[in-house]
Number of protein chains: 2
Amino acid sequence: MAQMRICFIGDSFVSGAFDDECLGWVGRICASARHRKHDVSPYNLGVRGETSLQIARRWRAEAEIRQSAQQEGRLVFEFGVNDAREVNGKRQMEAAQSLAAAREILSAAFAWKPTLMIGPPPGGDAARNARVKELSHAMADLCALLGVPYFDSFAALVASPTFIPSTKAVDSTHPNAAGYAEWARVIDGWPTWRSWLP
Amino acid sequence: MAQMRICFIGDSFVSGAFDDECLGWVGRICASARHRKHDVSPYNLGVRGETSLQIARRWRAEAEIRQSAQQEGRLVFEFGVNDAREVNGKRQMEAAQSLAAAREILSAAFAWKPTLMIGPPPGGDAARNARVKELSHAMADLCALLGVPYFDSFAALVASPTFIPSTKAVDSTHPNAAGYAEWARVIDGWPTWRSWLP
């Protein structure tokens, strides 16, 4: 099987913040792929607190130096919750700004390497969840337009009996290890992800 | 206890290449610290194949955007084996070049944030081991001069009954999960590391 380097780019949910196992969903789905004998090298480029605008500024340089002429390169993005988060009563980025940044990131990414988008997750804050759900729907539409496969984390996790409760054990935003394991489980069951690494 | 963001910067041994658990020593020592109730956020900035010269070019920009005004920032480096590796019969970097790059990196790092240096490990190639051992000694001297604490991985692992055998199960360079666990165990027992995260 091909050697593959995958850059996982995004926010604290990519970096696996608050996971006592220090794996996040990224580490779990890659360990699962390696246990299926795939020679995959993950690079975790999640940064806590970043919005889509901040990710747009830095992802390309970081991803480029992690490619290798000898190995297949792939990109997986996840962001959105920080955009929809209110800081001092003000939403950090309006949906239209988020979608413009997402379009810039994903169209450049997809023109360069095979790319997947993992949508932002729900959490323990109902008002923010409504904003994240709406942004997730708009991101799904954008991805359909661009041809980038989209995984709807919000839909997959909002009904989970473990995910939102796991965020309430932390800060009502981030899951704990059990929540990351649940998120990894649903992504690992996504046929598009498995088409990369059967 | 203080929240802490630690950037782990270096080569494939930092990124945890070939670890089927996708933790490496970085993930293991940070999971261990989190299980001791430390609120630590690791950022893994290891890149496969990089020499000290390549790391010198990119570490600062990547580490800077991962800092937070609200959280304590720390830096941990590991590199050297790629410098001492021969490619097509030619050593990639002579020891003097490696030490000049290491001096540039570590003096700038230490002037900015508390910094540790983890020395390069042994592997299954005796000729390369001799070069890595010599480089490790010179790095230890440089670190003593700069005031940067140095962990001698080579000395700690060369006598280990599991580490070098674990590299022979992979490519005679990288350990497998058991080898990374052994490396993590010896770093986790280093009093200087534990002074950061008791």
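Look up a bit, the structure's there.
Residues numbered from 1 in each chain as written. Chains lettered and ligands numbered in written order. Predicted model: local features only at pLDDT ≥ 70, side-chain atom pairs only at ≥ 80, totals over all residues. Heavy atoms only, no water.

Enquirer: Break down the packing of helix α3 (residues 52–64) of chain A against helix α5 (residues 95–112) of chain A for me, citing the residues and quoting the values.
Expert: Residues and elements named next belong to chain A. Packing of α3 against α5 leaves a shortest axis separation of 8 Å and a crossing angle of 15°. When the axis of α3 is compared with that of α5, the two are roughly parallel. As for how α3 packs across α5, the hand of that crossing is left-handed. Along the contact surface, α3 presents Ser52, Leu53, Ile55, Ala56, Trp59, Arg60, Ala63 and Glu64, while α5 presents Ser98, Ala101, Glu104, Ile105, Ala108, Ala109 and Trp112. Residues belonging to the contact of α3 with α5 are distributed by class as follows: 10 nonpolar, 2 polar and 3 charged. (Axes fitted to C-alpha atoms, helices over the stretch in contact; angles between N-to-C directions. Helix = DSSP H or I, 4+ residues; strand = E, 2+ residues; numbered from the N terminus. Parallel < 35°, antiparallel > 145°, perpendicular 65-115°, else oblique. Left-handed = near helix turned anticlockwise from the far one by under 90°. Contact = heavy atoms within 4.5 Å. Nonpolar A, V, L, I, M, F, W, Y, C, P; charged D, E, K, R; others polar.)

Enquirer: Could you give an account of the relation of the copies chain A and chain B, naming the residues involved and the relevant values?
Expert: The transform that puts chain A on chain B rotates by 180° and translates by 0.0 Å along the axis, for an RMSD of 0.0 Å. Taken together, the turn and the small shift mark the pair as related by a two-fold rotation axis. A share of 100% of interface residues in chain A that are also interface residues in chain B marks the association as one of identical surfaces. (Least-squares fit on C-alpha atoms with pLDDT ≥ 70 in both.)

Enquirer: Can you tell me about the pattern of salt bridges, naming the residues and giving the values?
Expert: Summed over the entire model, instances satisfying the criterion amount to 24 salt bridges over all chains. Residues Arg34 of chain A and Asp20 of chain B are paired through a salt bridge, measuring 2.9 Å at the closest nitrogen-oxygen approach. Taken together, the residues span two chains, with Arg34 of chain A in helix α2 (residues 24–35) and Asp20 of chain B in the loop between α1 (12–15) and α2 (24–35). We classify Arg34 of chain A as buried; its relative accessible area is 9%. By relative accessible area, which is 25% here, Asp20 of chain B ends up partly exposed. Measuring nitrogen to oxygen at the nearest pair gives 2.9 Å for the salt bridge that ties Arg60 of chain B to Glu64 of chain B. With Arg60 of chain B and Glu64 of chain B both in helix α3 (residues 52–64) and 4 residues apart, the pair spans about one turn of that helix. Classification of Glu64 of chain B by relative accessible area gives partly exposed; the value is 40%. (Salt bridge = Lys/Arg side-chain N within 4 Å of Asp/Glu carboxyl O. Buried < 20%, exposed > 50% of the residue type's maximum accessible area, 1.4 Å probe, protein only.)

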